[in-house]
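Working through the structure, step by step
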Amino acid sequence: MERSDSLDTADPVTWAMLLTYWTRLARSAVALPEEGEGGDWKRSIPDIVGLQALACALGDAERLAADELAVAIDRASFQIDAHEQTLRRRWGERLPNGLAEMIADARIALVSAASDR
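Attention here is on the structure that accompanies the text. Within each chain, residues carry numbers counting from 1 in the order of the written sequence. Local features in this predicted model are restricted to residues whose pLDDT is 70 or higher, and side-chain atom pairs enter the listing and the counts only when it is 80 or higher, whereas totals over whole chains, interfaces and linings include all residues. Heavy atoms from the whole structure form the basis of all side-chain values; hydrogens and water molecules are not counted.

With respect to the overall build of the protein chain
Put simply, the test is: Helix and strand definitions here come from DSSP, where helices need a minimum of 4 consecutive H or I residues and strands a minimum of 2 consecutive E residues; each element is numbered from the N-terminal end. To sort residues, take the accessible area from a 1.4 Å probe on protein chains only and compare it with the maximum for the residue type: under 20% means buried, over 50% means exposed, and anything in between is partly exposed. The contact criterion used throughout is that any non-hydrogen atoms of two residues lie within 4.5 Å. Where accessible areas are quoted, they stem from the Shrake-Rupley method and a 1.4 Å probe; at the residue level, only the protein chains shown are allowed to cover.
Across its full length, the protein chain carries four helices and zero strands. Shown N-terminal to C-terminal, the secondary structure of the protein chain runs as helices and strands in the order α-α-α-α. Out of the 117 residues in the protein chain, the part that is buried amounts to 32%. In the protein chain, the share of contacts with a sequence separation of at least 24, taken over all contacts with a separation of at least 6, comes to 68%. For the protein chain, the accessible surface area stands at approximately 7400 Å², while carbon and sulfur atoms represent 57% of it.

What follows is the structure in structure tokens.
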């Protein structure tokens, strides 16, 4: 299953652009307050970056050898679960749609990568 809107993650420029974006995101989060919704967003940055990085990396999973792919899928699944649990504990019923979409995107990438086995 190939997504037509996926990034060319094999291209180092793509990873450089993503790293630049994530760095800017982290820098801007410094200005957020420690408490309230702003604090929740501030503490969510590592999970946001983690989910986006996993979704992008899983797009290249077919380039791995079969034994490496199995391990990568298991590790990605564990990490996606961990990010999701952290976000759901933090936000509860207030989980913003954008975060729910990031979780879903990572899960879709995981299913797609697993189907390439």
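Section: the packing of helix α3 (residues 66–91) against helix α4 (residues 97–115)
We apply this condition: Lines fitted to the C-alpha atoms define the axes, with helices restricted to the stretch that makes contact. Angles between their N-to-C directions range from 0 to 180 degrees. Orientation categories follow fixed angle ranges, with anything under 35 degrees roughly parallel, anything over 145 roughly antiparallel, 65 to 115 roughly perpendicular, and all other angles oblique. Should the near helix be turned anticlockwise from the far one by less than a right angle, the crossing is left-handed, and should it be turned clockwise, the crossing is right-handed. Each residue receives one of three labels: charged for Asp, Glu, Lys and Arg, nonpolar for Ala, Val, Leu, Ile, Met, Phe, Trp, Tyr, Cys and Pro, and polar for the others, Gly being one of them.
Relative to each other, α3 and α4 sit at 165°, their axes nearing to 10 Å. As judged from the angle between their axes, α3 and α4 are roughly antiparallel. When the axes of α3 and α4 are compared, the crossing they make is left-handed. Where α3 abuts α4, its residues L69, I73, A76, S77, I80, D81, E84, L87, R88 and W91 lie against L99, I103, A106, R107, L110, A113 and A114. A breakdown of the residues in the contact of α3 with α4 according to their chemical character gives twelve nonpolar, one polar and four charged.

Quick look at the nonpolar core
The test is simple: Think of a nonpolar core as a cluster: buried Ala, Val, Leu, Ile, Met, Phe, Trp, Tyr and Cys residues, connected wherever their side-chain atoms sit within 4.5 Å.
In terms of nonpolar packing, the biggest core is built from 21 residues, with L58, I80 and L87 touching the most fellow members. Elements supplying a minimum of two residues to this core: α1 (12–29), α2 (36–58), α3 and α4. For I80, the contacting residues outside a window of four places in its chain are L51, L54, L58, A106, R107 and L110.

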